[in-house]
Amino acid sequence: MQKDQGILLETGTNELEIVEFGIGNNRFGINVIKVKEILNPQAVTKIPHSHPSVEGIIEIRGEVVPVVDVAHALGFSPSENPKQDKFILAEFNKTKIVFHVHTVTQIHRISWEQIEKPSKMYQGLETQITGVIKMGEEMLLLLDFEKVVADINPESSIHTEQLRELGERERSQKKILIAEDSGMLRAMLQETLGEAGYENTISFEDGKEAYEHLESLVAEGKSVEEEYQLMITDIEMPRMDGHHLTRLIKEEPQFNALPVIIFSSLITDDLRHKGEVVGADAQVSKPEIVELVKIIDHHIL
């Protein structure tokens, strides 16, 4: 079935819609804006020597797209009823991928505030989960699809080697605030920006933490402009997403001079207008770290 584009939400309201899917008896979710289409399974062409979680490739309207077995990637058993399985065609990081799941059930409309950070109690899954949503007696886990793909293809993530094309870099004293919920990406982003000369970075795990930090600076009588010269934010984060965070900053006179760059896997031609609506100064798709550094240079050097 083709996803109805009419269900996209007003930007900056801190709401999202989740497609619920199942792997065995486990319930997971993916952000609707990553989903292009939900398909019935079809024959897959296997690729020799590919990653064990990659089933192969299929053709969708003239495009060749890889198929990832989500159950295998998460360490779960294969489907007990393959005829009911579904293919979720997703797009992020400017790449299309099919995720093979066991069921697709419904769409939930929720607030990011309803999404809790994952606990380290999830027995090894915590690195692949970005949030937990309580649904009555049960829990729905938001899967970190970027991490799943990065585990299969490390080249799809951020690398300091990409900065070589920028040549020798001077050290900068400018201070950058980062809001990014993925621990892996926070560390990689800070390391890579350090290599690019931006060693003074402070990171927060979600938009709410970052915004409360800015509020605390003002409460202490400090100038946000003097404390930070730029902010980088992801979009998908528990409690407060990057679009809502950007809108709050740009609507608050004490914060709105702070340049905000949205750095997200969701920056596509279709979705770029969302960042423009909330007042982002720039938007860069992950993992284009060179482009991000060039935009930082433009705004704060």
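**Section: the side chain of Asp 85**
For step 1, the next point in the chain: By the element assignment, Asp 85 lies in the loop between helix H1 (70-74) and strand E6 (86-92).
For step 2, the next point in the chain: No salt bridge is formed by the buried Asp 85; its nearest oppositely charged neighbour, Lys 86, is found at 9.3 Å.
For step 3, the next point in the chain: Separated by 2.7 Å, the side chains of Asp 85 and Ser 79 make a polar contact.
For step 4, the next point in the chain: Setting aside residues up to four positions removed in sequence, Asp 85 forms contacts with Pro 41, Ser 79, His 100, Val 101 and His 102.

**Details of the packing of helix H4 (residues 207-219) against helix H6 (residues 242-251)**
For step 1, the next point in the chain: Two elements in contact, H4 and H6, have axes separated by 9 Å at closest approach and are oriented at 20°. One way to sum up the angle between H4 and H6 is to call them roughly parallel. When you trace H4 past H6, the crossing you get is right-handed. Seen from H4, the contacting residues are Gly 207, Ala 210, Tyr 211 and Leu 214; seen from H6, they are Leu 245, Leu 248 and Ile 249.
For step 2, the next point in the chain: Taken together, the residues of the contact of H4 with H6 sort by class into six nonpolar, one polar and no charged.

**Observations regarding the nonpolar core**
For step 1, the next point in the chain: One finds Phe 21, Phe 28, Ile 30, Phe 99 and Leu 143 to be the most contacted residues of the largest nonpolar core, which totals 27 residues.
For step 2, the next point in the chain: When residues no more than four places from it in sequence are discounted, the contact partners of Ile 30 are Glu 17, Ile 18, Val 19, Phe 21, Val 35, Ile 88, Ala 90, Leu 142 and Phe 145.
For step 3, the next point in the chain: Judged by nonpolar contacts, the second largest core, of 23 residues, contains Ile 176, Leu 230, Val 284 and Val 290.

**Here's the deal with the pattern of salt bridges**
For step 1, the next point in the chain: Enumeration over the complete set of coordinates arrives at 21 salt bridges.
For step 2, the next point in the chain: A salt bridge links Lys 208 to Glu 212; the shortest N-O distance between them is 3.9 Å. Highlighted residues: Lys 208 and Glu 212, both in helix H4, separated by four residues, approximately one helical turn.
For step 3, the next point in the chain: Exposure remark for Lys 208: the relative accessible area of 27% places this residue in the partly exposed category.
For step 4, the next point in the chain: Classification of Glu 212 as partly exposed rests on a relative accessible area of 40%.
For step 5, the next point in the chain: In this structure, Asp 234 and Lys 286 form a salt bridge, with 3.4 Å as the shortest nitrogen-oxygen distance. One end of the pair, Asp 234, is in the loop between strand E14 (230-233) and H6; the other, Lys 286, is in the loop between strand E16 (282-285) and helix H8 (289-300), with 52 residues separating them in the sequence.

**What to know about the environment of Glu 161**
For step 1, the next point in the chain: Secondary-structure assignment places Glu 161 in the loop between helix H2 (145-152) and strand E12 (172-179).
For step 2, the next point in the chain: In this structure Glu 161 comes out as partly exposed when scored by relative accessible area, which is 42%.
For step 3, the next point in the chain: A sequence separation of 97 residues divides Glu 161 from Leu 258, and the C-alpha atoms of the two residues are 29 Å apart.

**Overview of the environment of Met 135**
For step 1, the next point in the chain: Mapped onto the elements, Met 135 comes out in strand E10 (residues 129-135).
For step 2, the next point in the chain: With 27 residues separating them along the chain, Met 135 and His 108 place their C-alpha atoms 9.9 Å apart.
For step 3, the next point in the chain: Sequence-distant contacts of Met 135, defined by excluding residues within four places in its chain, comprise Arg 27, His 108, Ile 110 and Leu 140.

**Brief notes about unusual backbone geometry**
For step 1, the next point in the chain: Of note, the amide linkage connecting Lys 286 to Pro 287 takes the cis form, showing an omega dihedral of 0°.
For step 2, the next point in the chain: For Pro 287, the location among the structural elements is in the loop between E16 and H8.
For step 3, the next point in the chain: For His 49, which is not a glycine, the phi torsion comes out positive at approximately 60°.
For step 4, the next point in the chain: Secondary-structure assignment places His 49 in the loop between strand E3 (35-39) and strand E4 (54-60).
For step 5, the next point in the chain: For His 49, a relative accessible area of 86% translates into the label exposed.
For step 6, the next point in the chain: Phi is positive for Arg 239, which is not a glycine, with a value near 75°.
For step 7, the next point in the chain: Summarising the element assignment, Arg 239 is placed in the loop between E14 and H6.
For step 8, the next point in the chain: What makes Arg 239 partly exposed here is its relative accessible area of 26%.

**Quick word on the sheet that holds strand E15 (residues 260-264)**
For step 1, the next point in the chain: The strand order across the open sheet formed by five strands is E13-E12-E14-E15-E16, and the pairing between neighbours is parallel. Both outer strands of the open sheet, strand E13 (198-204) and E16, are each paired with one neighbouring strand and no more. The mean inter-strand angle of the sheet, taken between neighbouring strand axes irrespective of direction, is 25°.
For step 2, the next point in the chain: Pairing analysis gives four bridges linking E15 to E16, with the strands arranged parallel. By the bridge assignment for E16, Phe 263 is matched with Val 284.
For step 3, the next point in the chain: Here H4 sits on the sheet in contact with E12, E13 and E14, set at roughly 130° to E12.

What counts, and at which threshold
Residues numbered from 1 in each chain as written. Predicted model: local features only at pLDDT ≥ 70, side-chain atom pairs only at ≥ 80, totals over all residues. Heavy atoms only, no water. Helix = DSSP H or I, 4+ residues; strand = E, 2+ residues; numbered from the N terminus. Buried < 20%, exposed > 50% of the residue type's maximum accessible area, 1.4 Å probe, protein only. Lys, Arg positive; Asp, Glu negative; His and termini not counted. Salt bridge = Lys/Arg side-chain N within 4 Å of Asp/Glu carboxyl O. Polar contact = N/O pair within 3.5 Å; in protein donor to acceptor, adjacent residues only side chain to side chain. Contact = heavy atoms within 4.5 Å. Axes fitted to C-alpha atoms, helices over the stretch in contact; angles between N-to-C directions. Parallel < 35°, antiparallel > 145°, perpendicular 65-115°, else oblique. Left-handed = near helix turned anticlockwise from the far one by under 90°. Nonpolar A, V, L, I, M, F, W, Y, C, P; charged D, E, K, R; others polar. Core = buried A, V, L, I, M, F, W, Y, C linked by side-chain atoms within 4.5 Å. Pairing = 2+ DSSP bridges.

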